[in-house]
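# Structural overview for review
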Number of protein chains: 2
Amino acid sequence: MLPSHVTLDLSGVRFSVDYRIVGDASDARAKAEGICVEQTIEFPPELVPAGDIADQIIGQIANFVENGDGSCTATISYAIETSGLELTQLLNVIFGNTSIQPGIRVQKLNLPDELLQNFNGPRFGCDGLRAYLDVPTRPLLCGAIKPMGLPLTDLAQCVYEFARGGIDIIKDDHGLADQKYANFEERVQRCSEAVAKANAETGQKAIYMPNVAAPADQVLEKAIWAKSVGAGGLLIAPGLTGFDTMRMLADDDRLNIPVMMHPAFIGGWVTGRDNGISHAALFGQITRLAGADASIFPNFGGRFSFSKEECISIAKASAAPMGALKSIFPTPGGGMSVERAPELLDVYGREVILLIGGGLFRNSPDLAQNCREFRELAEQF
Amino acid sequence: MLPSHVTLDLSGVRFSVDYRIVGDASDARAKAEGICVEQTIEFPPELVPAGDIADQIIGQIANFVENGDGSCTATISYAIETSGLELTQLLNVIFGNTSIQPGIRVQKLNLPDELLQNFNGPRFGCDGLRAYLDVPTRPLLCGAIKPMGLPLTDLAQCVYEFARGGIDIIKDDHGLADQKYANFEERVQRCSEAVAKANAETGQKAIYMPNVAAPADQVLEKAIWAKSVGAGGLLIAPGLTGFDTMRMLADDDRLNIPVMMHPAFIGGWVTGRDNGISHAALFGQITRLAGADASIFPNFGGRFSFSKEECISIAKASAAPMGALKSIFPTPGGGMSVERAPELLDVYGREVILLIGGGLFRNSPDLAQNCREFRELAEQF
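Below: a short report on this structure. (Residues numbered from 1 in each chain as written. Chains lettered and ligands numbered in written order. Predicted model: local features only at pLDDT ≥ 70, side-chain atom pairs only at ≥ 80, totals over all residues. Heavy atoms only, no water.)

### Description of the interface of chain B and chain A
- Each partner contributes to the interface: chain B provides 84 residues, whereas chain A provides 84 residues.
- For the pair chain B and chain A, the summed buried surface comes to about 7,500 Å²; carbon and sulfur atoms form 62% of the total.
- Our count for the chain B to chain A interface comes out at eight salt bridges.
- Secondary structure elements with two or more residues in the side of chain B that touches chain A: helix 2 (52-57), helix 3 (87-95), helix 6 (152-164), helix 9 (238-241) and helix 10 (243-251) of chain B.
- When grouped by side-chain class, the residues that make up the side of chain B that touches chain A number 42 nonpolar, 25 polar and 17 charged. (Contact = heavy atoms within 4.5 Å. Buried area = accessible area lost by both parts, 1.4 Å probe. Salt bridge = Lys/Arg side-chain N within 4 Å of Asp/Glu carboxyl O. Helix = DSSP H or I, 4+ residues; strand = E, 2+ residues; numbered from the N terminus. Nonpolar A, V, L, I, M, F, W, Y, C, P; charged D, E, K, R; others polar.)

Structure follows, in structure tokens:
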């Protein structure tokens, strides 16, 4: 027997989510009403006790518009307390079960300061990362060491040449984990030494950023260890680790190094246009909430499918006001070449990290020289 | 300057993935060749040193068939060493970057014993869970306590009545995290006491299974604490926490309690038919590899979109041979009612957990009596 009335001590403050719902106004409104229940009480509404569960816990349709393209946008609000003021449960309220219903896509999060103040977000952000790397204004440059299977001495040599050639952030390819041919400890040690040696020679502040793809119970200790031997940042793929693992690493004061988000295994969320989460919400808002200082995404015109508009929406969400959370670097990559850099800088402006992977190896066998050409292009901006 | 030849000490054993690729044979084959590179070296193939990187690390098309529906299925094999013999990196090789390319879906994993032997998989599995609950043959029953916002005394009372009524597994609604109105510690303590009290009265072995949605750095300790006060299992949503967090909890000997997978925030992977991961691979193979003893998925004919065939494919993958890994319980839920139980048992057979959430509250205000009706139906099988 349930109580007939429940009073909760809630703040009355609500956050909201814009959902794009496929269907005409009548269908979409019914689905929106379903979301209000599904994402909160998941319980027959007619059995809910009177009082604050009915009045405040169940989601509320705050706005509803027809988009004129066979879809509607419903803005649904939730009491901030439903999130437990924690990232994992916040994501659960935003899209937990509803993620399984086709034809519903998270377009945008509208998060009030009362909720945002519970999240540190990016530790460095754009300004902090620029200070850390001592690069005040030009676009930042990122390269990835690869291919997997290369002896560690050669991978470390890549790091050295990248740093000598003026690359700011030298990251592991995201496929370098802890394989027998790419032992995590030895790799991090050698690559950290290589970047330190190059920095001593150039006077610059390039960093090596290992991919920490360790088992869940080892991620934090491995990251702390990596920093202790000279890693200058961390590459994390939240599609694989969960977003809160990235948040944990960004928040840990023992680390205090930048975090870059890699999109491996995240594609399920964005590839279907009528489902999942919008590019801006996933690569911008959620990535920022989860503490990344830079968000890697596949650039338009490469071998992936993001449109120019979708990429620009990520860049906008990376910088849009979001409480006290710092803005972060959009980091377009994926089939990039040195030649495309000017086009990208036209689109993204200077507040960007240009990520080139295999392309940096292409122009000549002299890696450092290939990097210098890339750097020279960036310095014109 | 890269080395001209690389020799690696690889076993020669390969695992493979069946990818469904939208397109005619020529398009799909080109995409398949792209996957071979994308999922491994992500590097210009023409620059790869001769030897084992070229010969073994790059993915290989082991089979290719036209499906006759505008798609093809490519079976691509990878050296088991690329996975680092760890779950996170294995998932990364299976679908990391390729997840972002539209029109490619993971259909099936083909994992040899040499790879599988590195994973414990489910600790209990079907037989172990039956022994743990002392239910040798009939279908198992699961109920969820809700709605969120209910005072903890009432939630604990639900647990008590569910257990009195013969429900085997009484789980938190997945929306119960650590909210101010649903404090994790107090909830777990009260609900564990409630199930123990009911068991003492009935002589049965019902369990209470809390939802452990804690921050990444607290999940393990909170789970261990929950067990210490009487939690009989753990509910985990790997879409939110990452699959390896579930694996960690299943593997930890200090826990040694069953784990149930909840599909919250996992929908991005299955809602688009041409993208993501098949129902069988995600809710069956990967969930099993990640240590769940039971896999919750939205049943056909409810408010979600899974077809009967897709649900059956999950049940099959839950029991199909997979090295030494135990078989697990398909756990259909989502809009279930007592009345539908016979239909579901016809489809799934006895080796199933029937999950009813809000529906258990519907038939009368006497919760225990509603549960008894559900139990009586199950006992006929």
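Having seen the model, we can carry on.
### Notes on the sheet that holds strand 12 (residues 294-298) of chain A
Residue and element names in this part refer to chain A.
- Taking strand neighbours across the sheet as the criterion, the four strands line up as 10-11-12-13 in an open arrangement whose pairing is parallel. Of all strands in the sheet, those bounded by a partner on one side alone are strand 10 (234-236) and strand 13 (329-333). Across the sheet, the mean angle from the axis of one strand to that of its neighbour is 25°, orientation sign disregarded.
- As defined by bridge partners, strand 10 adjoins strand 11 (residues 259-261) across three bridges and the pair is classed as parallel. In the strand pairing of strand 11, L234 is matched with V259. (Pairing = 2+ DSSP bridges. Axes fitted to C-alpha atoms, helices over the stretch in contact; angles between N-to-C directions.)

### Notes on the relation of the copies chain B and chain A
- Once chain B is rotated about the relating axis by 180° and shifted along it by 0.0 Å, it coincides with chain A to within an RMSD of 0.0 Å. The two molecules are tied by a two-fold rotation axis, judged by turn and shift.
- Both copies present the same face, since 100% of the interface residues in chain B are matched by interface residues at the equivalent positions in chain A. (Least-squares fit on C-alpha atoms with pLDDT ≥ 70 in both.)

### Focus on the pairing of strand 5 (residues 71-79) of chain A
All names here are of chain A.
- In terms of burial, strand 5 is largely enclosed, as nine of its nine residues are buried.
- The alternating pattern of strand 5 places S71, T73, T75, S77 and A79 on one face and C72, A74, I76 and Y78 on the opposite face, and all of these are buried.
- By the bridge criterion, nine bridges tie strand 2 (residues 14-22) to strand 5 in an arrangement that is antiparallel. Bridging across to strand 5, R14 finds its partner in A79.
- Both strand 4 (residues 60-66) and strand 5 contribute to a ladder of six bridges, which runs antiparallel. When the sheet's bridge partners are listed, I61 is paired in strand 5 with I76.
- Where strand 4 hands over to strand 5, the hairpin turn is made up of four residues, of which G68 adopts a positive phi near 80°. (Buried < 20%, exposed > 50% of the residue type's maximum accessible area, 1.4 Å probe, protein only.)

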